Amino acid sequence: MKKTVNIALPKGRLGEKVYNMFKAAGYECPSIEETNRKLIFENEEKCIRYFWVKPSDVSIYVERGAADIGVAGKDIILEYRPDVYELLDLNMGKCRMAVAAKKGFTDSKTSTLRVATKFPYIAQCFYDKKCRDIDIINLNGSIELAPILDLSDVIVDIVETGSTLRENNLEVIEDVVPISARLIVNKVSYKFKNNEIDAIVSEMAKQVENK
Ligand code: PRP
């Protein structure tokens, strides 16, 4: 008997695009397209169950097996390093992680660099490789404010269109890593629901190729 696969989708714009990709791959779920505040949606015939979770929580659901598979940004995977399989680059939600600062800023390297970020692990690794001493300032949002108010010298953050930086007189100093959405899989689920998960991954891979 076919086993039901639980899929964690990241709530928001990326999640809707990701769902449309699952739909095009043959895993539609009509109830998810209705406007309501439900969080779980099932298509019994297709043996799939979707749920919306906060994007930064997808990897937690998948790592702990509450979801068998999920879609998470490479930024989240690099930051939280969940013990999951990363099986497919969906080639969407593309952006980059970068260091940015006020226009004209140069790092004099005479004192500890103050770095504001939502991604302390990624930022620390990036500067460790350069042997540069930093002081991490952990923020949860509106990171661009930090250098403007002199809370930090630089930020390590996601840059998509670049308009948040431009409109606040900031600029990219260095790229850290390119980012895109990845399909991740719980390690135990991959053993016990191997056929079902492989079928989904291969249909999704076809969608990526056809894009
Ligand atoms: C992200 C990121 C930047 C912005 C970049 O923030 O942290 O602030 O998007 O996008 P852009 O280059 O297209 O302007 P998000 O919208 O997730 O909100 P946050 O500031 O609350 O983290």
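Residues numbered from 1 in each chain as written. Predicted model: local features only at pLDDT ≥ 70, side-chain atom pairs only at ≥ 80, totals over all residues. Heavy atoms only, no water.

## Regarding the domain arrangement of the chain
According to the domain assignment, the chain consists of domain 1 (5–93 + 180–210) and domain 2 (95–178). Taking the mean C-alpha position of each, domain 1 and domain 2 sit 30 Å from one another. Between domain 1 and domain 2, the residue contacts involve eight residues of the former and ten residues of the latter. Sorting the residues of domain 1 by area buried against domain 2 places D75, L78 and E79 first, and these three jointly supply 58% of that buried surface. One can count zero salt bridges joining domain 1 with domain 2. Summed over the shared surface of domain 1 and domain 2, the number is three residue pairs in polar contact (both at pLDDT 80 or more). In terms of residue count, helix α3 (residues 74–80) provides more of the side of domain 1 that touches domain 2 than any other element does, four residues in total. Here the residues of the side of domain 1 that touches domain 2 are counted per class, giving one nonpolar, two polar and five charged. (Domains from an automatic or database assignment. Contact = heavy atoms within 4.5 Å. Buried area = accessible area lost by both parts, 1.4 Å probe. Salt bridge = Lys/Arg side-chain N within 4 Å of Asp/Glu carboxyl O. Polar contact = N/O pair within 3.5 Å; in protein donor to acceptor, adjacent residues only side chain to side chain. Helix = DSSP H or I, 4+ residues; strand = E, 2+ residues; numbered from the N terminus. Nonpolar A, V, L, I, M, F, W, Y, C, P; charged D, E, K, R; others polar.)

## Digging into helix α1 (residues 13–24)
In this model, α1 (twelve residues) spans 17 Å end to end at C-alpha, consistent with the 16 Å of a helix rising 1.5 Å per residue. Burial in α1 covers these residues: G15, V18, Y19, M21 and F22. What you see down the axis of α1 is that its buried residues fit within an arc of 155°, all on one side. Of the residues in α1, the exposed ones pointing more than 90 degrees away from the buried face are R13, E16 and A24. For α1, the secondary structure elements touched by its buried residues are β1 (5–10), β3 (48–53), β4 (69–73), β11 (181–185) and α8 (194–210). (Expected span 1.5 Å × (residues − 1). Buried < 20%, exposed > 50% of the residue type's maximum accessible area, 1.4 Å probe, protein only. Arc of directions from axis to C-beta.)

## Let's talk about the side chain of E144
Within the secondary structure layout, E144 lies in the loop between β8 (134–138) and α5 (145–148). For E144, which is buried and forms no salt bridge, the nearest opposite charge comes from K118, at a distance of 7.5 Å. (Lys, Arg positive; Asp, Glu negative; His and termini not counted.)

## Focus on the sheet that holds strand β9 (residues 154–159)
A sheet is described by the order of its strands in space; here five strands give the open sequence β8-β7-β9-β6-β10, paired in mixed fashion. Strands at the two margins of the open sheet, each flanked by one partner only, are β8 and β10 (170–179). Within the sheet, the average angular offset between the axes of one strand and its neighbour, ignoring direction, is 30°. Two elements, strand β6 (residues 95–102) and β9, share six bridges in a ladder whose sense is antiparallel. The partner of A100 across the bridge, within β9, is I155. (Pairing = 2+ DSSP bridges. Axes fitted to C-alpha atoms, helices over the stretch in contact; angles between N-to-C directions.)

## Re the packing of aromatic side chains
In this structure the tally under the stated criterion is five aromatic pairs. Relative to Y50, the ring of Y19 lies with its centre 5.6 Å away and its plane at 85°, an arrangement referred to as edge-to-face. Within this pair, whereas Y19 is found in helix α1, its partner Y50 is found in strand β3, the two being separated by 31 residues in sequence. Y50 shares its class with Y19; the two are buried. Residues Y85 and Y190 carry aromatic rings whose centres are separated by 5.6 Å and whose planes lie at 65° to one another, so their mutual orientation is edge-to-face. With Y85 in strand β5 (residues 85–89) and Y190 in helix α7 (residues 187–192), the pair connects residues that are 105 residues apart, well separated along the chain. By relative accessible area, Y85 is classed as partly exposed at 33%. Chaining the aromatic ring pairs together yields one cluster made of Y19, F22 and Y50. (Phe/Tyr/Trp six-rings, centres within 6.5 Å; stacked < 30°, edge-to-face > 60°.)

## Thoughts on the packing of α1 against α8
At a minimum axis separation of 9 Å, α1 and α8 run at an interaxial angle of 105°. With respect to their mutual orientation, α1 and α8 come out roughly perpendicular. When α1 is examined against α8, the residues M21, F22 and A24 are found in contact with a partner set consisting of I200, M204, Q207 and V208. Residues belonging to the contact of α1 with α8 are distributed by class as follows: six nonpolar, one polar and no charged. (Parallel < 35°, antiparallel > 145°, perpendicular 65-115°, else oblique.)

## Points about the site of the ligand
As a matter of local geometry, the ligand sits amid K118, G141, S142, E144, D157, I158, V159, E160, T161, G162, S163 and T164. Between the ligand and the protein, one listed contact pairs an oxygen atom with a side-chain N or O atom of D157 at 2.7 Å. One of the side-chain N or O atoms of T161 is found 2.5 Å from an oxygen atom in the ligand. Of all the secondary structure elements, the ones that give two or more residues to the shell around the ligand are β9 and α6 (163–166). Classifying every residue of the shell around the ligand by side-chain character gives two nonpolar, six polar and four charged. (Near = heavy atom within 4 Å.)

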